[in-house]
Amino acid sequence: MSRLTVSSPLRPPQVTGEKSMVDVTEDVCRPLERKAGAGWKLLFLLSSLTLLMGAALVGYQIKKGIGVWGLNKTIGWAFDITNFVFWVGIGHAGTLISAILLLFRQKWRTSINRAAEAMTIFAVLCAAVFPVIHMGRPWLAFWVFPYPNLRGSLWVNFRSPLLWDVFAISTYFIVSAVFWYIGMIPDLATLRDRTTNKVKKRLFSVFSLGWDGSSRTWARYETLTLILAGLATPLVVSVHTIVSMDFATSVIPGWHTTIFPPYFVVGAVFSGFGMVLTLLILTRRVMHWENYITMHHLENMCKVILATGSIVGFAYVTEFFMAWYSGNAYEMFTFKNRATGPYAWAYWTMMTCNLIVPQLFWFKKIRTSIVPMFILSILVNVGMWFERFVIIVTSLHRDFLPSSWAMYKPTFIEVGTFLGTFGLFFTCFLLFIRFLPGIAIHEVKIVLSAQNKREEVIRNV
Amino acid sequence: MKPDSKKPVPEKKAWKSLEELREDPARREGKADEFPEWSASRRDFLKLMGFGLGTVAMTACTRSPVHKAIPFLQKPEELTPGVANWYATTCAGCSAGCGLLVKSRDGRPIKVEGNPESPLNQGGVCALGQASLLSLYDGARLKAPRWEGNPIAWDALDEKVRVALASAAAEGRKAVLLTGTISGPSTLALIEEFLKKFPGSSHVAYDPVSAKAIREANRRSFGAAVLPTYRFDLAERIVGIQADFLGSWLSPVEFTRQYVSRRKLKLGVEPSRHVQIESDFSLTGSNADLRLPIAPDQTAWATLALLEAVQALAGGAALPDFPKQGLPLEKIQAVAKDLWAHRGKSLVVSGSNEPVVQAAVNAINALLDNIGKTVDLDGVSRQKLGDEAALAELVAAMRRGEVAALLIEGVNPAYDNPLAGEFREALKKVPLSLSFSPAPDETAALVRAQAPGLHFLEAWNDAEPRAGLFHLTQPLIAPLFDNRGFQDGLLRWLGLGQDFYRYLQAHWEKTLYPRQTKFLSFREFWNHSLHDGVFRLPGSDPQAKALVENPVEIARAALADPRLRAAGAEALQMQVYESVALREGAAANNPWLQELPDPVTKVTWGNVLKIAPAEAARRGWKDGDVVRVETERGNLELPVFLQPGMPAKTLGAALGYGRTAAGKVGKGVGADAYPMLGYADGYFRYAIPGVRLAATGRAQRVATTQTHGSMEGRAIVRQTNFDEYKKNPRAGNEDRPKLISLWPAWKEGAHSWGMAIDLNACTGCSGCLIGCQVENNVPVVGAEEVWRRREMGWIRIDRYYVGDAENPETLHQPMMCQHCGNAPCETVCPVLATVHSSDGLNQQVYNRCVGTRYCANNCPYKVRRFNWFDYADNPEFDFNLNDQVAKLALNPDITVRSRGVMEKCSMCIQRIQEGKLQAKNEGRALKDSEIQMACQQSCPGKAIVFGDLNDPNSEISKLLKDERYYAVLEELNVRPAVGYLTKVRNKE
């Protein structure tokens, strides 16, 4: 469909450096066919060691009991669910970029969508760790699935938002993974055709599903992509809406809020773009893809961050206003406590990183220079982690009855497990950029052909 | 011996490998190891067979333990497996001697409850009494007699003791029986016989927390050295001076029952007004309508000030001038006026061990015409008759080498008194020292002979807690170990061929049976008394007594006493008190009591140094900073605890901690405050003047179950004053929300269970916490986990302060699962592990729980408890659930929860089920209040009411219509099944 589109000559080019079609294939595939560099190896070692540490800590925790975490009778969730929501949030950018931006015909998404989708899948994997290990008896985690069983007519509780989570997250993961894989098929075929390694050839042959590049294949491929985009689009909204309902449907002041669904979705997009930005700034540097992931792409992402950050900030202020306007003493106390209580440092970290810091992207200079952009993208994620921490912990630690008020402090196990999921995430991501095409070759080529045509037109004029 | 080696190698050799054929030396060595060749000769064979047969025969002679699990072929009468029997007995947890009903399942006692027949406690029991069950099953108990640390047979021990006693008598040296107060008439008779048999022997009794001054003052004031009984139920005005009568003083369960009967609101009856003048912030002080904090050295002067004011109202002679600096004189005068207006219907009590203070109290009560009305000097108490001067004399005699034999029962003199250090030294000079302690303690660790006695649930005994009121103690179980009762030992040494059971019965037949007219045979009388646990002689009405000593003399005596001189407003002093959980400290190895939060501080696992927040702030100290308390008698290191309501320069510390020999649980918990106590002029002194504090720079985790004391302006505990209540019974409870729902109301089944708690009747004594813990197998988690806020108690008592930090008002609120009709926990569980029952209960299904903790997060009352670890059979939680003996105390009706599951108050569903089944078996409808919750049964104040809301005539249904009734956080529309009645104080 997109072959026929013509973009305005005023738009900045999507691919710079006078690339030809061959260059694109070469630039994307060559790093995969070379031996791994020292940088990659070092990063891989680091992240896999972190993953190993996380796995060991989870093993220890499962052996001893959840008590090795810092939770207590008042605060039943803290690092676990914070990390869960954090990772689910990060997983939002991928689908947004590949599905919604596809439907909106945003050409600039082509260079970044593959990596962003991969990131989504890995982030959801990391997220999925927590609902399982946070259980008191994780070996019975399968009980949350409504499967036919011999325990009488024992069924799951369809009124529980945690159950909705199970469905939302698993659906999201499956659709994202399928979308990612389908999108990769033409590029897998390219790799198949290029590789001389027998094993790789065999594998790529299997996974490219006999791609022959015929017009009919392309037509079917485009149709399927569009259908999947249509399917994935509501999921972008539904997943975090449902995650937010874990809190919104409860009675706890600070959780029981109708603004949560949109607030969480926007926050997720915000954090997802923050993470994509962080990763792509690194990837384009490591893989020498500066001509594909151009400053134009990065700037666009900064704009999305600015927009979503502002919406998130607006939500924060709205929450405060509603706490006052509702006249609900508990609600009011919770918000006052967030801003001035013992966890005020977390609240103000969140406010600074999510509300104030992204506003710097109003300056073109900042959103077009790599270093500030990189720092800001990390701050966005720090802020978003703290947002979830603030929502979960500061609401729980001082709720209705002051007799039960308590404080929470994470243990080494919890911090280590969180780091371990970063290990998982980066191990997966490093394997991905090492063995799979990190940029959608065929999609970039489409954009490039349009761009070259346009340049031809300009030259002819 | 290798017979083969002598033979020549045969010609035709079979070989297995080339190496063997070549006879490779390396190969030979290896082969030798591989199959050592050895064949037995005939002689060897016979030897071996003989050895084998011998071994088999020998081992067959040993007695291996027999584990019997045989169903009753001949079922003992009244014993059905799975059905509990109840037996009446008497508590020995403290000296009060409350009547108990003990639940026995399949031959083992598993729950201690109050005996409604006992006129003392009338069904209530305190935390200590209920927890005493676990002391029976304490795996650390002394399990057999020992001589100088080595096991010895009882007969051999008896022989040694008999010889020692005989030689002591022959040499004219003393044999001393050292005990706590013994009220049992049979035991006292036996001791008398013992003393007669061994001339020169004597009986010394003392009480670690002494009431000697009361008796001495009564001797001076009324000519009778007795401990009176008090009638808080007849007192419209109550003044407590340094007396924690609801928590630990004398007979707290009885006093709580009496006190509460006057605090419950009956139509048109004014509740009593209670003024507490005290130095420590006690449980009793937390219940007072007016609390006047004073420094310990102001006790005498505050009492005199009250006496002076009453004397003035009575028109008596003016008292000589005494120091009045810093006393709240205006308030004391107002109190005196109020007392005067309620002459004959008021009561002043003091826990001070200063005779002068007690004399002044006597004078006040006499002037107020209370003697013979609220103070009964006729039906006297038989508790606390000990004399510390006798102990001091004994220690001196021991030091001089005059004591040849010392038999110690019921006390722990090497620990539980300020003379313990001297005692330990002097004990070395006693040739025969013997301890009857059933559990390890500091004294048992030092004595020559350990003759471990019985826990009261294993023993026969009697008690006479009050003149004319007799309680029987009967064994619920055969002695668990090779122990023998203290009285049985005495009988043996006396050479009487009886056991104490027969002796006891004979004594009752001889002394008590003739004094009654109801029963025609002793057997009938005995069976009846044993069944009820109580026998009461008809008493006469108490008489008023004339005051011998006049108030002016008392004031002069006080002024003449140099030790009563005020230390000055800047001097630090310390008030040492009995903690509600451990009291004198004998039960320190009981994990239930160690983890029981103090009703006021909410501190578990150890004692703390209570200090006024302002004083701590001035010194820059915060909770948990360890400081050294330096006194004349030694130093003590304790973590600081900021306690609102403490007088500015007064410190408070609890007795009963810092045990050095008590078993794995109690050893080394807290610090021992006994050495700090004073002993002078024949009295233990619990107020310590001249204290200095020094920071140590260390800090300790103080395990508290509640860290925030303010209600933050929320209407959680609703309260009002009586004058407001008179005008409007709804006072303090006006803003009950109108609740609407989108959904049709929940359809209840045959029953709808509900509970109401009268906050005016709850004193916060915390007995219910232990009752619940015992009934429901609630685990103990230890100090570290409590510090992490992970205590497991299904019921807790929330304590809130209202007002300023110098002297706040205190509110107690029992809080457990509220069994909400619209339960927030139920909707959020993904696996339906918490569901609603047809009779209105919120139920937790342990088997189904996967442990997401969502329910606990969503609980507005935060009453759900999560099993963070395995608390049973886990060496890291080395408490009762990791002790094979202590596990016998588990309630077999209740699951021991595994790790990873949520738990909470089940509304004693097993009791509901039992009650329903019983009614069904008997073919009748359930009666109201037939089913009692564990927390409700033991409540001394009967503050908890449980019943069926579907029954319009039930007590609970009536309470629901009470103007005082409200539910906590009602506005959330969770529709709790548990409600509260507002607290109505009776302030001026």
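Each value, and the rule that gives it
Residues numbered from 1 in each chain as written. Chains lettered and ligands numbered in written order. Predicted model: local features only at pLDDT ≥ 70, side-chain atom pairs only at ≥ 80, totals over all residues. Helix = DSSP H or I, 4+ residues; strand = E, 2+ residues; numbered from the N terminus. Rg over C-alpha atoms; globule rule 2.2 N^0.38 Å. Buried ≥ 20, exposed ≤ 12 C-beta atoms within 10 Å, placed from the backbone. Contact = placed C-beta atoms within 7 Å. Domains from an automatic or database assignment. Nonpolar A, V, L, I, M, F, W, Y, C, P; charged D, E, K, R; others polar. Pairing = 2+ DSSP bridges. Axes fitted to C-alpha atoms, helices over the stretch in contact; angles between N-to-C directions. Parallel < 35°, antiparallel > 145°, perpendicular 65-115°, else oblique. Left-handed = near helix turned anticlockwise from the far one by under 90°. pLDDT = per-residue confidence, 0-100. Right-handed = clockwise from strand over helix to strand, strands pointing away. Expected span 1.5 Å × (residues − 1). Arc of directions from axis to C-beta.

What to know about the overall build of chain B
Looking only at helices and strands, chain B features 28 helices and 39 strands. The C-alpha radius of gyration of chain B comes to 32 Å, within 12% of the 30 Å expected for a compact globule of 988 residues. For chain B, the spread of C-alpha atoms along the principal axes amounts to about 130 × 90 × 70 Å. The buried share among the 988 residues of chain B stands at 56%. Residue pairs in contact within chain B that sit at least 24 positions apart in sequence constitute 73% of those at least 6 positions apart.

Structural notes on the overall build of chain A
What chain A contains, in helices and strands, is 16 helices and zero strands. For chain A, the C-alpha radius of gyration of 23 Å lies close to 23 Å, the compact-globule estimate for 461 residues. Dimensions of chain A, computed from the C-alpha atoms along their principal axes, are close to 75 × 55 × 45 Å. Looking at chain A residue by residue over its 461 residues, the buried ones come to 50%. Excluding contacts between residues fewer than 6 apart, the proportion of contacts in chain A whose partners are at least 24 apart in sequence is 83%.

Side note on the domain arrangement of chain B
Residue and element names in this part refer to chain B. As far as domains go, chain B holds domain 1 (1-59), domain 2 (146-205 + 386-466 + 475-532), domain 3 (212-381), domain 4 (571-699) and domain 5 (719-985). Here the C-alpha centroids of domain 2 and domain 3 sit 36 Å apart. Contacts between domain 2 and domain 3 engage four residues on the former and four residues on the latter. Along the lines of polarity and charge, the residues of the side of domain 2 that touches domain 3 split into one nonpolar, no polar and three charged.

Points about the sheet that holds strand β14 (residues 403-409) of chain B
All names here are of chain B. Within the open sheet, the seven strands sit side by side as β5-β4-β16-β15-β14-β6-β7. Their pairing is mixed. At either end of the open sheet lies a strand with only one pairing partner, and these are β5 (150-151) and β7 (201-205). Summarising the sheet, strand β6 (residues 174-179) and β14 pair through six bridges and their orientation is parallel. What sits directly across from Ala 175, in β14, is Ala 405. Of the strands in this sheet, β6 and β7 are in contact with helix α6 (residues 185-197), which crosses β7 at around 145 degrees.

Quick word on the sheet that holds strand β37 (residues 965-966) of chain B
Residues and elements named next belong to chain B. Overall, mixed pairing links the four strands, which are arranged β36-β29-β38-β37 in an open sheet. Two strands bound the open sheet, and with one partner strand each, they are β36 (944-948) and β37. Taken together, the two bridges between β37 and strand β38 (residues 978-981) define a ladder with antiparallel strand orientation. Bridge assignment links Tyr 965 to a residue of β38, and that residue is Leu 981.

What to know about unusual backbone geometry
All names here are of chain B. If you check the backbone angles, Trp 605 has positive phi at about 50 degrees while not being a glycine. Following the sequence through the fold, Trp 605 ends up in the loop between α19 (591-594) and β21 (609-611). A residue is classified by how many C-beta atoms lie within 10 Å of it, and Trp 605, with 24 of them, is buried. Although it is not a glycine, Glu 712 sits at a positive phi angle of roughly 55 degrees. In this structure, Glu 712 sits in the loop between β27 (687-699) and β28 (719-721).

Quick word on the interface of chain A and chain B
Across the contact, 39 residues belong to chain A and 41 residues belong to chain B. For the side of chain A that touches chain B, the secondary structure elements donating two or more residues are α6 (161-194) and α11 (329-340) of chain A. Considering each element in turn, the side of chain A that touches chain B owes the most residues, three residues, to α6(A). Grouping the constituent residues of the side of chain A that touches chain B by class yields 22 nonpolar, twelve polar and five charged.

Details of the packing of helix α4 (residues 92-103) of chain A against helix α8 (residues 215-248) of chain A
All names here are of chain A. Between α4 and α8, the shortest axis-to-axis distance is 9 Å and the interhelical angle comes to 135 degrees. Taken together, the axes of α4 and α8 lie oblique to each other. By crossing handedness, the relation of α4 to α8 is classed as left-handed. Between α4 and α8, the residues in contact are His 92, Thr 95, Leu 96, Ala 99, Ile 100, Leu 102 and Leu 103 and Ala 229, Ala 232, Thr 233, Leu 235, Val 236 and His 240, respectively.

Here's the deal with the confidence of the model for chain B
The share of residues in chain B with pLDDT of 70 or more is 96%, and the mean pLDDT across the chain is 90. At the level of chain-chain contacts, confidence expressed as ipTM amounts to 0.92, with global pTM at 0.89.

Some details on the pairing of β6(B)
Residue and element names in this part refer to chain B. Counting buried positions along β6 gives six out of six residues, so the element sits mostly inside the fold. Here β6 shows no split at all, with Lys 174, Val 176 and Leu 178 on one side and Ala 175, Leu 177 and Thr 179 on the other all buried. By the bridge criterion, five bridges tie β6 to β7 in an arrangement that is parallel. Across the sheet, Thr 179 pairs through a bridge with Ala 205, a residue of β7. In this region the chain leaves β6, passes through α6 and returns to the parallel neighbour β7; the handedness of that crossover is right-handed.

Brief notes about the packing of helix α9 (residues 260-287) of chain A against helix α14 (residues 370-397) of chain A
Residue and element names in this part refer to chain A. Orientation of α9 relative to α14, taken along the N-to-C sense of each, is 140 degrees, at an axis distance of 8 Å. Judged by the angle between their axes, α9 and α14 are oblique. The element α9 and its partner α14 pack so that their crossing is left-handed. Two secondary-structure elements touch here, α9 through Gly 267, Phe 270, Ser 271, Gly 274, Met 275, Leu 277, Thr 278 and Ile 281 and α14 through Ile 370, Met 373, Phe 374, Ser 377, Ile 378, Val 380, Asn 381, Met 384 and Glu 387.

Brief notes about helix α8 (residues 252-263) of chain B
Residue and element names in this part refer to chain B. Its twelve residues place the ends of α8 16 Å apart at the C-alpha level, agreeing with the 16 Å of an ideal helix rising 1.5 Å per residue. Judged by how many residues are buried, α8 sits mostly within the fold: eleven of twelve residues are covered. Along α8, the residues classified as buried are Pro 252, Val 253, Glu 254, Phe 255, Thr 256, Arg 257, Gln 258, Tyr 259, Val 260, Arg 262 and Arg 263. Among the structural elements, β8 (227-230) are those in contact with the buried residues of α8.

Remarks on the environment of Val669(B)
Residues and elements named next belong to chain B. Within the fold, Val 669 resides in the loop between β24 (650-654) and β25 (678-680). When the C-alpha atoms of Val 669 and Ala 783 are compared, they prove to be 9.6 Å apart, with 114 residues separating the residues in sequence. Sequence-distant contacts of Val 669, defined by excluding residues within four places in its chain, comprise Ala 588, Gln 594, Trp 605, Gly 606 and Tyr 657.

Concerning the environment of Ile75(A)
Residue position: Ile75(A) is located in the loop between α2 (38-64) and α3 (79-90). Sequence separation of Ile75(A) and Arg398(A) is 323 residues, and the distance between their C-alpha atoms is 9.1 Å.

Here we look at helix α18 (residues 551-560) of chain B
Residues and elements named next belong to chain B. Among all positions of α18, only Pro 551, Ile 554, Ala 555 and Ala 558 are buried. Along the axis of α18, the buried positions cluster into a sector of 95 degrees, meaning they face one direction only. Where α18 is buried, its residues touch α10 (299-314) and α12 (355-367).

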